Amino acid sequence: MVEEIGTTVEGDVLINVGPQHPATHGVLNLLLTINGETIKKVEPHLGFIHRSIEKMCESLTYRQFIYVTSRMDYLSAHINNHACALVVEKGLQVEIPSRAKVIRVLMDELTRIASHELWWGAMAMDLGAFTPFFHAFRERESINDIMEETCGARLTMNYIVPGGVMYDLHPDFQKRVKDFITLYKLKIHEYDEMVTGNIIFQNRMKGVGYLSAEDAISYGCTGPTARGSGVSCDIRKLYPYEVYDQLDFDEILETGCDSFARYMVRIREMNQSIRIIEQLIDTIPEGDFQAKTKAVLKLPKGEFYQRVETARGEFGVYIVSEGGNTPYRIKFRSPGFSNLSALDQMARGSKLGDLVAMMGTLDLVIPDIDR
Amino acid sequence: MFIIKYIKEVFSGLKSLAVGLRRTLYYFTHHKEIITEQYPDNRETLKLSDRFKGEVVMLHDENNEHACTGCTACELACPNATIKIITQFDITPEGKKKKALDKFVYHLELCTMCNLCIVACPTDAIKMAQTFEHSVYDRSELTKILNKPGSHIRAGVE
Amino acid sequence: MLSFSDISKFIDSWLRDIFNPTWTMVIEMMIAGVCVIGLFAVLGLVLVLMERKVAAWIQIRLGPNRVGPKGMLQSLADTVKLLVKEGMTPDGADKFLFNFAPFIAMMVAMLLMAPIAFAKDFQLWDMNIGVLYFSAISSIMVISILMAGWASNNKYSLMGAMRSGAQIVSYELSAGLSILAIVVLSGSLNLNDIILSQADGWWIFKGHIPVIISFIIFIIAVTAETNRAPFDLAEAESELTAGFHTEYSGMKFALFFLAEYINVFIVCAIGATLFLGGWMPFHIGHWDAFNHVMDYIPSSVWFFGKTFFLIFLIMWFRWTFPRLRIDQLLNLEWRFLLPISMFNILLVTLMAILGWHF
Ligand code: SF4
Ligand code: SF4
């Protein structure tokens, strides 16, 4: 407990949630001003897991810095790597083979599903239902197995290299992915039975954590958080990269603006990801999985930016190059940081229990916010 | 009417709860759905995929020969300064001096299993092993010399 | 056949042979005390293990399976761990209240054991106001929680305690009203009489829909009263870290933990007594052969079977549902449970007056 400075109104209490608290999923510190159960102010404090990744990347070469980005948003590690590879390729102006493009997109979507699965479980656990967490892991585990087989690791894959992917797909890959899709379709209705349709859950989510479209835009929210408020911001649709412009999938928009809308966006997004995978899995083009690149990569002098859609929203990589083999300055635009900033707006006036639900629907990964 | 709406609310609520209860009862009674792996007991049957990145090892053949030329490409590729190549000068049969590997020092505790060194190696001298039980009692045990004592470079590898 | 009542009668007469009545009384009380403490320990071990197994199977896991055969001794090992842990008292806490609160929780649980009929003619105290006694004592439970929350000098604890106070006070109403339904039907406050009134069928079968409704309300209300999920707002792990016992550790925590499980057992025992006929075997109308077979099963088995069935229900709820918010929790009580049980008690009374039940 800190000293109670700044409590002005009678009955206001300052309370620290985190950095070691079961609800924050990591080392986030929220300084709450509450009156009884009602929240009056939320102040997120960061810095507990700051590793200065951006500075670190400035001393690493263009091949090396990609792996570090897996440690930011570790649940969409693959998509982070993808963004970095894309920006380097943009600078080098290499054309990557179409097989590599398809493989990258497939992996991205698998990662997105895995991330949403974990979010679903953790979200239910925030609300006090422990069982969905374990059930979500069953599906997530089969994605992890696919990753382990092809990329060699389960969480921080480091599979993407500038110019393509590190090695070819595992021969079993297609079969394993199809097995996963079968499993997913068999089990997805349980998500509705256990959580979505549950009256307690619906009452906890509906009308809670209101974030209007204007607020979502002005706070810079992206990803499912903004799409739950009806803001169209899917980078895959707006600024397509790789093969997304040739694919048939929908951008999910909900207009509820509340926690339930954000929840539904993610659930429906998983189905869209499955749709993308189904379109690609049988038509992976033959050919090289990696373009020929020089041993030492040197980006021309200039500035380069690339954004992708991670499981949490828009992730951007900005590189300033002086022509050397390491970036002069690197900046990541992480989705979690902007999404977290909307928390205060959402939480004011609601109950303490709802704060946890709101944080759940923001899908915060702290190392992503606090690089 | 108010009363009808009220009763409907109660029943639809109870029904949604019953649906959830039925699902959990199904899992409670169907133990074949259990997915837990009994880890230390299933060591024999536990098979990791052959690409699993567990630890960097150096390949030696039956003559205790490896393929490492000591070119330090892996050392340069490594983002974490995990690898330290110590070279020496061998005298070849022709009497010329030739750079060769003395010690391949590998700090497992610094390694992030990123695979960059394996990709960088021109002679495929090192590879990833599928071990994952790395815990030891002392940190110094994690610093390993990968080339076996008395090993030499395979003839013909440049 | 050896039954609990025979054993107790035998001990009683044996003691009376040796000592005078006063000493007999004292010794019998001591034996009862030891038995209750023993039962506590056994129940704690069994219920914790049961909870963990139920949770594991629902969550497609195996649950404890390392200590002892099939993990049976897991909770024993946990107890040993808790015993040897340091019981800390935080700085700035109200030391006396802080250390006293867990014992109140335990004492309440112990007192509640008194009126429960574990088997035919086997009861600690056959009092004529057993139901009233249960309602009265169980509301003392909240005091220990409030005490713990206040004395910890921790904001989380205090909030947990306050939540729990609001919750227990409101849910007591509907728990009381649903118990009242059975009292009206059987016309007695004595738990033994209530059981005997169910000789020709349990109330849940005899009482038509109104009793089923009060049974459902009873289960919901006692789940809330014992602070079990989905009503575990006093602990609310993801919101208040651990609620009122955030600052407790070691054996003091274990006492709270144990009291929670004992309370679950007691409310389930009361529920089984009121609605499912306590130790009364299952009888169907005039099927004499069937009824005879049922009579051969000892009454204690019937009692514990029914109680554990209800305990399973409560555990099943816990591992299925998300937690309610505090205002929804009170809403549920005041907007749904209370009006429904009020209306229900009217129906039951009408039924009792007109003799519509079987
Ligand atoms: S795997 Fe990566 S971190 Fe480990 S030694 Fe190789 S290059 Fe270095
Ligand atoms: S392992 Fe390969 S890259 Fe490293 S020094 Fe030996 S030959 Fe060169």
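To start, this report covers the structure provided alongside it. Everything numeric in this text was worked out from a predicted model, so none of it was measured. (Residues numbered from 1 in each chain as written. Chains lettered and ligands numbered in written order. Predicted model: local features only at pLDDT ≥ 70, side-chain atom pairs only at ≥ 80, totals over all residues. Heavy atoms only, no water.)

1. Brief notes about the sheet that holds strand β6 (residues 302–309) of chain A
Residues and elements named next belong to chain A. The 3 strands are arranged β6-β7-β8 in an open sheet whose pairing can be described as antiparallel. With partners counted over all chains shown, the strands left at the sheet margins are β6 and β8 (329–333), one partner each. For this sheet, the mean angle separating the axes of adjacent strands, direction not counted, is 10°. Alignment of β6 against strand β7 (residues 314–321), held across 8 bridges, turns out to be antiparallel. The residue bridging Val-308 from the neighbouring strand is Phe-315, located in β7. Across the sheet, helix α3 (residues 77–92) is in contact with β6, β7 and β8; its angle to β6 comes to roughly 145°. (Pairing = 2+ DSSP bridges. Helix = DSSP H or I, 4+ residues; strand = E, 2+ residues; numbered from the N terminus. Axes fitted to C-alpha atoms, helices over the stretch in contact; angles between N-to-C directions. Contact = heavy atoms within 4.5 Å.)

2. Brief notes about the layout of surface pockets
The rolling of a water-molecule-sized probe over the atoms marks out the regions of remaining empty space. Approximately 1,700 Å³ is the volume attributed to the largest pocket. Lining of the largest pocket is provided by 46 residues; of these, Val-10 and Leu-14 of chain B together with Ile-220, Leu-337 and Ile-340 of chain C occupy positions nearest its centre. At the level of secondary structure, the elements contributing two or more residues to the lining of the largest pocket comprise α7 (199–205) of chain A, α1 (2–29) of chain B together with α10 (208–225), α14 (299–318) and α15 (326–354) of chain C. With 13 residues, the top contributor of residues to the lining of the largest pocket is α1 of chain B. Its residues assigned to classes, the lining of the largest pocket comprises 35 nonpolar, 6 polar and 5 charged. (1 Å grid on protein atoms, 1.4 Å probe; cavity = no way out; pocket = protein on both sides within 12 Å on 5 of 7 lines; lining within 4 Å. Points joined across faces, edges and corners; volume = space filled by probe spheres on them. Nonpolar A, V, L, I, M, F, W, Y, C, P; charged D, E, K, R; others polar.)

3. Points about the site of ligand 2
Taken together, 13 residues lie around ligand 2, and Cys-68, Cys-71, Thr-72, Cys-74 and Cys-121 of chain B are the ones closest in. Residue composition of the shell around ligand 2, grouped by class: 9 nonpolar, 4 polar and no charged. (Near = heavy atom within 4 Å.)

4. A short note on the interface of chain A and chain C
With 35 residues of chain A at the interface, the matching set in chain C holds 25 residues. When chain A packs against chain C, close to 2,600 Å² is buried across both sides, 61% of that on carbon and sulfur atoms. Of the charged contacts, one joins Arg-163 of chain C and Glu-37 of chain A as a salt bridge, the two residues approaching to 2.4 Å between their closest N and O atoms. If you look at where chain A meets chain C, you find 10 residue pairs in polar contact (both at pLDDT 80 or more). When residues of the side of chain A that touches chain C are traced back to their parent elements, those giving at least two are β1 (12–17), α4 (98–126), α5 (131–151), α7 and α14 (352–362) of chain A. Ranked by the residues each element gives to the side of chain A that touches chain C, the list is headed by β1 of chain A, at 5 residues. Split by residue class, the side of chain A that touches chain C holds 18 nonpolar, 10 polar and 7 charged. (Buried area = accessible area lost by both parts, 1.4 Å probe. Salt bridge = Lys/Arg side-chain N within 4 Å of Asp/Glu carboxyl O. Polar contact = N/O pair within 3.5 Å; in protein donor to acceptor, adjacent residues only side chain to side chain.)

5. Quick notes on helix α11 (residues 259–281) of chain A
Taking 1.5 Å per residue, 23 residues should reach 33 Å; α11 of chain A reaches 33 Å between its end C-alpha atoms and fits that length. Among the 23 residues of α11 of chain A, 18 are classified as buried, and the element is accordingly described as predominantly covered. (Expected span 1.5 Å × (residues − 1). Buried < 20%, exposed > 50% of the residue type's maximum accessible area, 1.4 Å probe, protein only.)

6. Considerations on the pairing of strand β2 (residues 29–35) of chain A
Residue and element names in this part refer to chain A. The buried fraction of β2 amounts to 6 of the 7 residues, a majority that puts the element mostly inside the structure. Of the strand pairs in this sheet, β1 and β2 are connected by 6 bridges, and their pairing is antiparallel. Paired with Asp-12 across the strands is Asn-35, a residue of β2. Where β2 folds back onto strand β3 (residues 38–45) in an antiparallel hairpin, the turn is made up of 2 residues, including Gly-36, whose phi is positive at roughly 65°.

7. Points about the interface of chain B and chain C
If you look at the interface, chain B gives 17 residues, while chain C gives 18 residues. Interface of chain B and chain C: buried area, both sides summed, is about 1,800 Å²; carbon and sulfur atoms make up 72% of it. When the buried area of chain B at its contact with chain C is split by residue, Tyr-6, Leu-21 and Phe-28 of chain B rank highest and sum to 33% of it. Across the pair Arg-66 of chain C and Asp-41 of chain B runs a salt bridge whose closest N-O atoms are separated by 3.2 Å. The interface formed by chain B and chain C contains 8 residue pairs in polar contact (both at pLDDT 80 or more). When its residues are assigned to classes, the side of chain B that touches chain C shows 9 nonpolar, 5 polar and 3 charged.

8. Observations regarding the sheet that holds strand β3 (residues 83–91) of chain B
All names here are of chain B. On the basis of which strands lie adjacent, the open sheet formed by 3 strands has the order β3-β4-β6 and antiparallel pairing. Only two strands of the sheet have a single partner each, and these edge strands are β3 and β6 (143–145). Neighbouring strand axes in the sheet, compared pairwise and without regard to direction, differ in orientation by 25° on average. Judged from the 9 bridges that link them, β3 and strand β4 (residues 97–107) form a sheet pairing that is antiparallel. When the bridges of β4 are listed, Thr-87 appears paired with Leu-101.

9. Some words on the pattern of salt bridges
Residues and elements named next belong to chain A. According to the stated counting rule, one finds 50 salt bridges over all chains in the structure shown. Taking the shortest distance from any N to any O, the salt bridge between Lys-178 and Asp-282 comes out at 2.8 Å. Note that Lys-178 is positioned in helix α6 (residues 173–196) and Asp-282 in the loop between α11 and β6, a separation of 104 residues in sequence. Lys-178 gets classed as partly exposed once you look at its relative accessible area, which sits at 36%. The exposure class of Asp-282 is exposed, given its relative accessible area of 53%. For Glu-278, the salt bridge identified is with Lys-185, shortest N-O distance 2.5 Å.

10. A short note on the site of ligand 1
Around ligand 1 sit 13 residues, and of these Cys-78, Cys-111, Cys-114, Asn-115 and Cys-117 of chain B come closest. Here the residues of the shell around ligand 1 sort into 9 nonpolar, 4 polar and no charged.

11. Details of empty space enclosed by the protein
Residues and elements named next belong to chain C. For the coordinates displayed, the defined rule picks out 5 cavities of 30 Å³ or more. Estimates place the volume of the largest cavity at around 180 Å³. As for the largest cavity, its lining consists of 16 residues, and the residues nearest its centre are Ile-145, Phe-244, Phe-256, Glu-260 and Asn-263. Looking at the lining of the largest cavity, the elements with two or more residues in it are α6 (141–151) and α12 (250–275).

12. Points about the environment of Ile-276 of chain A
Residue and element names in this part refer to chain A. By secondary structure assignment, the location of Ile-276 is in helix α11. The sequence separation of Ile-276 and Tyr-244 amounts to 32 residues, and the corresponding C-alpha distance is 8.9 Å. When near neighbours in sequence (up to four residues on either side) are disregarded, Ile-276 contacts Val-105, Glu-109, Arg-236, Tyr-244, Leu-247 and Phe-249.

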